[in-house]
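# Summary of structural features
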Amino acid sequence: MNEEAKKETDESVTLKVKGSKEPDYPKRVANAICWQLRDHGVCQMRAVKDEAVAASIKAIAMANKKVEPAGVVLSFDAVFSSLESSEGTSPTVLVFTVQEVVAQAGEKVEYKVSAKNHEDEKEVAKLAGAVAAMIRKNTNVVLRCVGPYAIYKSVRAIVIAKGFVFANGILLESIPSWLTLHGEGKDGGDISVLAIEVRSRKA
């Protein structure tokens, strides 16, 4: 393969995810994720603020559902970044890398993440500390999220927890999926929640 052809093959785009209210928007992003993974083996995404971050994670969960019949599991890695605006400010953004990981079993503990105080950095750090403590014990953590604010809070906590455990030679894999909880909704109805399983792998 010549250098020009190799460059074209290696090129991938960063999906800029927005906080859209359109019901099918996460599904469209999920399709784009699958295309990127098929063509490049990895997918890069960028999201600004809570609604866009939530849409990103919902889309990855939908993509996981799409690839499940093939025995594929998708994980995301997230980092904090910044984005220059026309006003010269740099609002915090999250950059995601989505890729295939190996399915594995393991002991799990579940936390229900509240959307309350989702902007409170102390609350986020507290959740991050809880995740890191379990990961150090070789226990996977499942974060149950209802609504965009709970998802946003969870993702930020995962990024912080990643820094907490890195000194222990541990990297994190975060796998979002949809769960249906029977009889746990209002008036005893079913409710769908987004679950993010956080597990460890050696650095």
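Residues numbered from 1 in each chain as written. Predicted model: local features only at pLDDT ≥ 70, side-chain atom pairs only at ≥ 80, totals over all residues. Heavy atoms only, no water.

### Let's talk about the overall build of the protein
Rule in force here: To qualify as a helix, a DSSP run of H or I must reach at least 4 residues; to qualify as a strand, a run of E must reach at least 2; elements of each kind are numbered from the N terminus. Working definition: with a 1.4 Å probe on protein chains only, accessible area under 20% of the residue-type maximum means buried, over 50% means exposed, and in between means partly exposed. Between two residues, a contact is recorded if the distance between any of their heavy atoms is within 4.5 Å. To measure how exposed things are, a 1.4 Å probe is used in the Shrake-Rupley method; for residues, cover is taken only from the protein chains shown.
Of the regular secondary structure elements, the protein holds 5 helices and 8 strands. Across the protein, helices and strands are ordered from the amino to the carboxyl terminus as α-β-α-β-α-β-β-β-α-β-α-β-β. Of all 203 residues assigned to the protein, the portion counted as buried reaches 40%. Look at the contacts in the protein between residues 6 or more apart in sequence, and 72% of them connect residues 24 or more apart. When the accessible area of the protein is evaluated, it comes to approximately 11300 Å², of which 52% is carbon and sulfur surface.

### Details of the nonpolar core
The test is simple: By convention a nonpolar core is built from buried Ala, Val, Leu, Ile, Met, Phe, Trp, Tyr and Cys residues, the set being connected through side-chain atoms within 4.5 Å.
In this structure, Ile33, Met45, Phe76, Phe96 and Val155 are the most contacted members of the largest nonpolar core, which totals 52 residues. With 10 residues, helix H3 (residues 49-67) is the single largest residue contributor to this core.

### Details of the pairing of strand S1 (residues 14-17)
As a general feature of sheets, a regular strand has side chains that alternate between the two faces. To be explicit about the condition: Two strands form a pair only when DSSP identifies at least two bridges running between them.
Side chains Leu15 and Val17 of S1 all project onto a buried face; the interleaved residues Thr14 and Lys16 project onto a face where none is buried. Note that S1 and strand S2 (residues 43-48) share 4 bridges and pair parallel. Within S2, the residue paired with Thr14 across the bridge is Gln44.

### Digging into the packing of aromatic side chains
Applied cut-off: Working definition: a ring pair exists when centres of Phe, Tyr or Trp rings (six-membered ring for Trp) sit within 6.5 Å. Plane angles under 30 degrees give stacked, over 60 give edge-to-face, the rest tilted. In this scheme, Lys NZ or Arg CZ marks a charge over a ring once it lies within 6 Å of the ring centre and within 35 degrees of the ring normal.
Scanning the entire structure with this criterion turns up 1 aromatic pair. For the pair Phe76 and Phe96, a centre-to-centre distance of 5.7 Å together with 80 degrees between the ring planes defines the contact as edge-to-face. Of the two residues, Phe76 sits in strand S3 (residues 73-82) while Phe96 sits in strand S4 (residues 92-101), which places them 20 residues apart along the sequence. As far as the burial class goes, Phe76 and Phe96 line up, both buried. Stacked on the ring of Tyr152, the Lys or Arg Arg156 has its end atom at 4.7 Å from the ring centre.

### Focus: the pattern of salt bridges
Definition in use: Should a side-chain nitrogen of Lys or Arg be within 4 Å of a carboxyl oxygen of Asp or Glu, the pair is scored as a salt bridge.
According to the stated counting rule, one finds 11 salt bridges in the structure shown. Put simply, Arg28 and Glu22 hold a salt bridge, and the shortest N to O gap is 3.2 Å. Classification of Glu22 by relative accessible area gives partly exposed; the value is 38%. Where Arg144 meets Glu110, a salt bridge forms, and the shortest distance between an N and an O atom there is 2.9 Å. Taken together, the residues span a long stretch of sequence, with Arg144 in strand S6 (residues 140-145) and Glu110 in strand S5 (residues 108-113) at a distance of 34 residues. Beyond isolated ion pairs, a larger network of salt bridges with shared partners links Glu22, Asp24 and Arg28.

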